[in-house]
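# Coordinate inspection notes
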Amino acid sequence: SGINAEWQLRPGIVFYINETWDYWRYKMVCVGMVSLVFIFVYAAVPESPYWLLAKGQDDVATMVLKRIAILNGKQYPEVQPAIPVIKAREKVMSFFKPKYQRVGCLLCLNWVLVGMAYYHIFLTIDTYGEYGNPDEGKIPYALLRKTNFIVALGAEVPAAIIGVAVLTSLLGRKFSYILNLVIFAVCSAVSLVQYEVVKDWDIRRGAILIGAKMSITAAKMILALWTAELSPTTIRTLMFGLGLGSCSVGVVLASALLFFAASPMVSVIIMLVIAVICIGASTQIHDTKNWNLPDHLFDVYKNMNINNDDAVYSDLQSEAQNNTATVL
C-alpha cells in the first residue's frame, strides 16, 4: 500500500512543481520528501514475527502476534501455537538456485516494462490532445494538462477495484496480469491512429490516458502481489528490492525516450516490443492463486509441483528441515 501510494503521489508532486518552479533540484527534493513522510507511517507498522523469531526474539514476536489478533478482532489462543522459526540462511544465494533464478529474472523483466510504461504516461502528460489560443476556440495549455492529469489519476481507482481485486480473485494472478498487458499493448497500438472521436478527444488521448493507464496500473499492482507470493520469506525483501530496482531501470528508459526526443511512434513500438516479450515471459511463471506465502524456497518448488525425485527438490527439502525449528 505504501509503495502504491508513493507511486501515485509523486506524479502529482512533479505536476505541481512544474507549474511553480522550473528548477530540477527543487523537483528532486520535493519528490524525495514523500519517502520521509512514509518513515513515520512505517514506524507504526509492527515488525515481522518471522524476522523476530529468526533473531531469537520469541517474546517480542508473541507480543506482535497478539497485537495483530486484537487489531483483527480475534482472540489470541491461550496455548502457544507452533510457529516456524526461520533461520535465514537462504538469503541472496536462493535467487541463484536452479529454476528459481529463471523466475526471478522474468519477474524483473516485467518490472522494467511496468516502470517504463507507467512513468512515460506521466512524463508525456501534456502531449495528449491539442492546445492553442483560447480566442480561436482552442484549449489552453494549462487546462489541457490539468484535465489529462485528473483523467490519468482517476484511472487508478477502477484499475485497483476491477483490474486487481476482482480479476485476481476470479482469474488468478497470471491470467489477470497477462490480460492487462494485452490491453495495454492494444491501447498503445491504437494510440497511433489519428482520429477525433468527440470534440477535443482523439483516439490517442483516450487510449493512453484511460485504456493504457488503467491496464498498466493494474498490471503494476498485480505484479507486486505476484512477486510477494512467488518469493519465500527469507528473500522476499530481496525480490522486492530487485523488482523496484528493475522498475527504476524502466523509469530511466522512459526518461531517455524524452531526452532523445523520440516520436510517439518510436516510443509505442519500443514499449510494444517489450510488452510482447513480457507477455511471453509471464506465460513461463507459475500462477500463485490459492498459494500460501512460502517460507522457504522448498515451499516454492513444492507449489510448482516439481518432481519429488528431482535432486534439487530433495536438497532444498533437507535444507528447509534443517533451517526450521518449532516454538511450543
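Provided above is the structure to which this section pertains.
Below or above, wherever it landed, is the structure these notes cover. In this text, all values refer to a predicted model and were calculated from it rather than measured experimentally. Starting afresh in each chain, residues are numbered from 1 along the sequence in its written order. In keeping with the predicted nature of the model, local features appear solely for residues at pLDDT of at least 70, side-chain atom pairs appear and are counted solely at 80 or more, and the whole-chain, interface and lining totals rest on all residues. Excluded from the side-chain calculation are hydrogens and water; included are all heavy atoms of the structure.

Here we come to the overall build of the chain. Helix and strand assignments come from DSSP, with helices taken as H or I runs of at least 4 residues and strands as E runs of at least 2, each series counted from the N terminus. Assigned secondary structure in the chain consists of twelve helices and four strands. Counting over 328 residues, the chain shows a buried share of 41%. Of all intrachain contacts in the chain linking residues separated by at least 6 positions in sequence, the fraction that spans at least 24 positions is 76%. Calculation of accessible area relied on Shrake-Rupley with a 1.4 Å probe; when residues are assessed, cover is drawn exclusively from the protein chains displayed. With the model as given, the accessible surface of the chain reaches about 17,500 Å², and the carbon-plus-sulfur share is 65%. Using a 1.4 Å probe on the protein chains alone, a residue whose accessible area is under 20% of its type maximum counts as buried, one over 50% counts as exposed, and one in between counts as partly exposed. Contact between two residues is taken to exist if any of their heavy atoms lie within 4.5 Å; hydrogens are not considered.

Another aspect to go through is helix α9 (residues 236-259). A helix is expected to reach a length of 1.5 Å times the quantity of its residues less one. Under the 1.5 Å per step criterion, the end-to-end length of α9 is 34 Å for 24 residues, consistent within 8% with the ideal 34 Å. Looking one or two places after α9, you find alanine 261, whose phi comes out positive at around 55°.

Looking at where threonine 288 falls in the secondary structure, it is placed in the loop between α10 (264-282) and α11 (297-303). Threonine 288 sits in the buried class, given a relative accessible area of 0%. One polar contact links threonine 288 to glutamate 229, side chain to side chain, over a distance of 2.5 Å. With residues near it in sequence (within four places) discarded, threonine 288 still touches Arg173, Trp226, Glu229 and Leu230. Counted as a polar contact is a pair of N or O atoms within 3.5 Å, where, for protein atoms, one must be capable of donating a hydrogen and the other of accepting one, and residues adjacent in sequence contribute only when both atoms are in side chains.

Here helix α6 (residues 141-154) contains 14 residues, and its C-alpha end-to-end distance of 20 Å stays within 8% of the 20 Å for a straight helix at 1.5 Å per residue. Among all positions in α6, only Leu144, Arg145, Asn148, Phe149 and Ala152 are buried. Buried residues in α6, looked at end-on, bunch into an arc of 125°, giving them a common side. Note that the arc is computed from the directions linking the helix axis to the C-beta atoms.

With that settled, the discussion passes to the nonpolar core. Among buried residues, those of type Ala, Val, Leu, Ile, Met, Phe, Trp, Tyr and Cys that are joined through side-chain atoms within 4.5 Å constitute a nonpolar core. Counting residues in each nonpolar core, the largest one holds 54 residues, and the members touching the most others are Tyr177, Leu181, Phe184 and Leu230. Elements supplying a minimum of two residues to this core: α5 (100-123), α6, α7 (156-190), α8 (203-230), α9, α10 and α11. Aside from chain neighbours lying at most four places away, what touches tyrosine 177 is Asn110, Val114, Ala219, Ile222, Leu223, Trp226 and Ser282.

Okay, the packing of aromatic side chains next. To describe a pair of aromatic rings, you give the distance between the ring centres and the angle between the ring planes. Note on aromatic pairs: the rings of Phe, Tyr and Trp (six-membered ring only in Trp) are paired at centre separations within 6.5 Å, and the planes decide the class, stacked below 30 degrees, edge-to-face beyond 60, tilted for the rest. As enumerated under the stated definition, the model contains five aromatic pairs in all. Between the aromatic rings of tyrosine 118 and tyrosine 119, the centroid separation amounts to 5.5 Å while the plane-to-plane angle is 80°, which identifies the pairing as edge-to-face. Neither tyrosine 118 nor tyrosine 119 differs from the other in exposure class; each is buried. On the basis of an interplanar angle of 55° and a centroid distance of 5.7 Å, the ring pair of tyrosine 177 and tryptophan 226 is categorised as tilted.

Let's shift gears to the pattern of salt bridges. When a carboxyl oxygen of Asp or Glu lies within 4 Å of a side-chain nitrogen of Lys or Arg, that pair is called a salt bridge. Evaluation of the coordinates by the stated rule reveals two salt bridges. Close ionic contact of glutamate 229 with arginine 173 constitutes a salt bridge, the shortest N to O distance being 2.8 Å. Residue glutamate 229 is located in helix α8, and its partner arginine 173 is located in helix α7; the two are separated by 56 residues in the primary sequence. Neither residue differs from the other here; glutamate 229 and arginine 173 are each classed as buried.

All right, on to the environment of leucine 181 then. Tracing the backbone through its elements, the reader meets leucine 181 in helix α7. We classify leucine 181 as buried; its relative accessible area is 0%. C-alpha separation for the pair leucine 181 and valine 114, spaced 67 residues apart in sequence, amounts to 9.4 Å. Beyond its immediate sequence surroundings of up to four residues, leucine 181 is in contact with Asn110, Leu113, Ile216, Ala219, Cys278, Ile279 and Ser282.

It is worth spelling out unusual backbone geometry at this point. In this model, alanine 261 sits at a positive phi of 55°, which is unusual for a non-glycine residue. With respect to the helices and strands, alanine 261 occurs in the loop between α9 and α10. Classification of alanine 261 by relative accessible area gives exposed; the value is 64%.

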